[in-house]
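Topology and contacts: notes
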Amino acid sequence: MRDKRLTFKKRLHILKHHFRDKKMAPAFNAFHTFLFTPDETTHSGGHIRAADDLKRTMNTVIMALIPVLIFSMFNAGYQHYSAVNGFPENFSVWNDFITWDNFWIGIIKVLPLVVVSYGVGLLVEFIFAVIKGHEVEEGYLVTGMLVPLIVPIDTPLWMLAVAVVFGVVIGKEVFGGTGMNILNPALTIRAFLFFAYPTWMSGDKVWVYEGMERAGTPDAISGETILGYLAQNGGDQFSYTVSDMFFGFIPGSVGETSAFLILLGGLFLIFSKIASWRIMVSAVAGALAMGLIFNGVVDAGWITETSKFYGLMSFDFWKHLIVGGLAFGIVYMATDPVTGSQTNRGKWIYGFLIGFISVMIRVFNPAYPEGVFLAILLMNVFAPTIDHYVVRGNVRRRLKRFKNAVILPKDTEEKEAALKVETL
Amino acid sequence: MAILSKKDSKLILDPLADNNPITIQVLGICSALAITAELKASIVMALSVVFVMGLGNVVISLLRNVIPSKIRIIVQLVVVAALVIVVDQVLKAYAYTLSKTLAVFVGLIITNCIIMGRFEAFALGNGVKRSFLDGIGNAAGYGIILIIVGFFRELLGSGTLLGYAVLGNPIEKTGLYAIGYENNGFMLLSPMALIVVGILIWVQRSRNPALIEEN
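About the criteria used
Residues numbered from 1 in each chain as written. Chains lettered and ligands numbered in written order. Predicted model: local features only at pLDDT ≥ 70, side-chain atom pairs only at ≥ 80, totals over all residues. Helix = DSSP H or I, 4+ residues; strand = E, 2+ residues; numbered from the N terminus. Buried ≥ 20, exposed ≤ 12 C-beta atoms within 10 Å, placed from the backbone. Contact = placed C-beta atoms within 7 Å. Core = buried A, V, L, I, M, F, W, Y, C linked by C-beta atoms within 7 Å. Domains from an automatic or database assignment. Axes fitted to C-alpha atoms, helices over the stretch in contact; angles between N-to-C directions. Left-handed = near helix turned anticlockwise from the far one by under 90°. Nonpolar A, V, L, I, M, F, W, Y, C, P; charged D, E, K, R; others polar. Expected span 1.5 Å × (residues − 1). Parallel < 35°, antiparallel > 145°, perpendicular 65-115°, else oblique. pLDDT = per-residue confidence, 0-100.

What about the overall build of chain B?
- Secondary structure summary: chain B contains 9 helices and 2 strands in total.
- Scanning chain B from its N terminus toward the C terminus, one meets helices and strands in the order α-α-α-α-α-α-α-α-β-β-α.
- Seen through its principal axes, chain B has C-alpha atoms that stretch 65 × 45 × 35 Å.
- Expressed as a percentage of its 215 residues, the buried residues of chain B come to 35%.

Printed below as a string of structure tokens:
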């Protein structure tokens, strides 16, 4: 009889009572609520019923990231074979890109990054939850997916593991865990890798599978990013077309290349109301503005072709959006609700400066022609300040409006009453 | 300790742990961040500060009844500056490369808040022996943190200790480097020193919850 047998869900519910008040309870509960809705309901107080709890929010972002991840697995193979055999002539997506060979490279190279990122990150989260006796927080679900997508494909797994431990502990847990962090944990991990192991994070070898391994041998292969090429040589004589850049058939960090899929993911996040469209729109505007300024400088003839900034400055302003990590950063990182601005007006300022500073760092950073992660981390730090002044501005404006409204009172009694309200 | 009374030995031992100038009072951070990329520099810096602070406290304590309180800061500066110049000249004479590494930071011992703090708070009001012990204790508390931070930064950042390659040769790929280990360049940058000091504070406070302030 079916109803006599306990379902898996029931078993978990029963098991939960064994774990209650035990040391490992948070670890158990995390698995339990990840799979099923808890069987307990709140009994007291007023509560808002909403369909989108933290787990649902996180899952929506992950859904928006899945196409990017799958694309990146194909791209990993495509870049590898293009570097080894040369770019295919008459490139066709079905014959040259979506192939089992390409996907296999993705499986052996991209999946381990995902597994290590989740494994190490969740382990740290579980340890902290058990020590501090709180529930495991969901914050790492998205971070764990973002991290493998923003590192170069040849990043050694142990480096990633070290960086994840650093990012989760120093970037998040010391501030009090999910929701309390000042900096985006995924970007903290990226920044740690960048400063700790710069040779593995830049140059022309790390962006293709086996690039580092083969360096210095006759079989050496390389795949320079477009920004790296521009920073080195200037001019735009590279072989990638605008459609390559837009659809993402270019070297770069694992998941950042396809502006097209990121755009779709961004639209999905906007329509599911998970991410802020204000931040995305203003960040794009900021990037375009800075790009236009640089193009203007070149057009005005203020810098010559011998300048080391010429290559990046003369790059068409709108192309900044489809190369490098700018699109990925704007859609998935800048819109992080914890570390971004909270007020609507603040979001406009916050987003605009992210785009603006990203392109500025791209052009002026001689060591590494990409600045999205630095720009977002910088603005993460300033987000509370922006919010503070936006809120203060609102208070001041309302007070002013209030003062103007109560000029009219005729007799002194009313005036006094109005002033009394004002001073409260 | 037979030589020192319990009260006196407390003067030396307290600043080493529970009242550490760096991790508890959070003083003297600047030099702790700047010069700890190498263990050798940390040790020399620690010894210099022990010398300056021990002698400085003695001098100030001797003069404590003569110094007019209106100009006491100037007198303290003169004393500490004189001692620092001695250290600086000795380093330049006997360890020139090291004094290049430490660069301006030996001179900046003058502005080290711990030293002025101990002059003001202790030496001006206590006898010579106690002032000497207090100076040595606080400088040692400062130095021990410098050495711990320097140890981790040099080991993880350059793979060496006191200049000896303890983890193998990164260029010839021997030792740990043979299996793919890489030096952590972030360790050589000052922000990481701040994080290491932060972790030390964290460890110390979680071992001794009495140190955590009430909100």
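Some words on the overall build of chain A
- Tallying secondary structure elements over chain A gives 19 helices and 0 strands in all.
- Expressed as a percentage of the 424 residues in chain A, the buried residues total 42%.
- A separation of at least 24 residues holds for 75% of the contacts in chain A among residues at least 6 apart in sequence.

Description of unusual backbone geometry
- A positive phi angle, near 60 degrees, is found at A:Lys273, a position not held by glycine.
- Looking at the element boundaries, A:Lys273 is found in the loop between helix H13 (259–271) and helix H14 (277–299).
- We note that B:Val26 has phi near 50 degrees; this positive angle belongs to a residue other than glycine.
- Along the polypeptide, B:Val26 turns up in the loop between helix H1 (6–13) and helix H2 (29–34).
- Judged by C-beta crowding, with 12 C-beta atoms within 10 Å, B:Val26 ranks as exposed.

Considering the environment of B:Asp18
All names here are of chain B.
- Tracing the backbone through its elements, the reader meets Asp18 in the loop between H1 and H2.
- For the pair formed by Asp18 and Thr160, sequence separation is 142 residues and the distance between their alpha carbons is 30 Å.
- Among residues more than four places away in sequence, those in contact with Asp18 are Asn208 and Leu211.

Observations concerning the nonpolar core
- A:Ala163, A:Leu193, A:Ala283, A:Ala327, A:Ile354, A:Ile376 and B:Val52 are the most contacted members of the largest nonpolar core, which totals 145 residues.
- Both domains that furnish three or more residues to this core are identified here as domain 2 (54–223) and domain 3 (259–424) of chain A.
- Non-local contacts of A:Ala327, meaning those with residues more than four positions away in its chain, are made with A:Ala259, A:Ile262, A:Leu321 and A:Ile322.

A word on the packing of helix H3 (residues 39–63) of chain B against helix H4 (residues 72–94) of chain B
Residue and element names in this part refer to chain B.
- Packing of H3 against H4 leaves a shortest axis separation of 9 Å and a crossing angle of 145 degrees. In this structure, H3 crosses over H4, and the sense of that crossing is right-handed. Facing Ser48, Phe51, Val52, Leu55, Gly56, Val59, Ile60 and Leu63 of H3, the residues of H4 in contact are Val75, Gln76, Val79, Val80, Leu83, Val84 and Val87.
- Partitioned by chemical class, the residues of the contact of H3 with H4 number 12 nonpolar, 3 polar and no charged.

Considerations on helix H1 (residues 8–19) of chain A
- With 12 residues, H1(A) should cover 16 Å at 1.5 Å per step; its first-to-last C-alpha distance of 16 Å lies within 8% of that length.
- Among the 12 residues of H1(A), 0 are classified as buried, and the element is accordingly described as predominantly exposed.

Quick notes on the interface of chain B and chain A
- In this complex, chain B contributes 7 residues to the contact, which on the side of chain A involves 7 residues.
- Partitioned by chemical class, the residues of the side of chain B that touches chain A number 3 nonpolar, 3 polar and 1 charged.

Observations regarding the domain arrangement of chain A
All names here are of chain A.
- For chain A, the domain assignment lists domain 1 (2–35), domain 2 (54–223) and domain 3 (259–424).
- Distance from the C-alpha centre of domain 2 to the C-alpha centre of domain 3: 27 Å.
- Taken together, the contact pairs 20 residues of domain 2 with 21 residues of domain 3.
- Within the residue set of the side of domain 2 that touches domain 3, elements represented by two or more residues are helix H3 (54–85) and helix H8 (185–196).

A word on the packing of helix H16 (residues 326–333) of chain A against helix H18 (residues 372–405) of chain A
Residue and element names in this part refer to chain A.
- In the contact formed by H16 and H18, the axes pass within 9 Å of each other and the chain directions differ by 30 degrees. With respect to each other, H16 and H18 are oriented roughly parallel. Listed contacts from H18 to Leu326, Gly329 and Met333 of H16 are Val372, Phe373 and Ile376.

Regarding helix H17 (residues 344–364) of chain A
- In a regular helix each residue adds 1.5 Å, so 21 residues correspond to 30 Å; H17(A) covers 30 Å between its end C-alpha atoms and thus fits that length.
- Where burial is concerned, most of H17(A) is hidden: 16 out of the 21 residues are buried.

Examining the confidence of the model for chain B
- Scored by pLDDT, chain B comes out at a mean of 85, with 98% of its residues at no less than 70.
- Across the predicted assembly, pTM comes out at 0.84 and ipTM at 0.84.

Let's talk about the environment of A:Ser253
All names here are of chain A.
- With respect to the secondary-structure elements, Ser253 resides in the loop between helix H12 (242–247) and H13.
- Spatially, the C-alpha atom of Ser253 lies 9.0 Å from that of Ser72, the residues being 181 residues apart in sequence.
- Other than its neighbours up to four places away in sequence, Ser253 contacts Ile150, Val151, Pro152 and Gly325.

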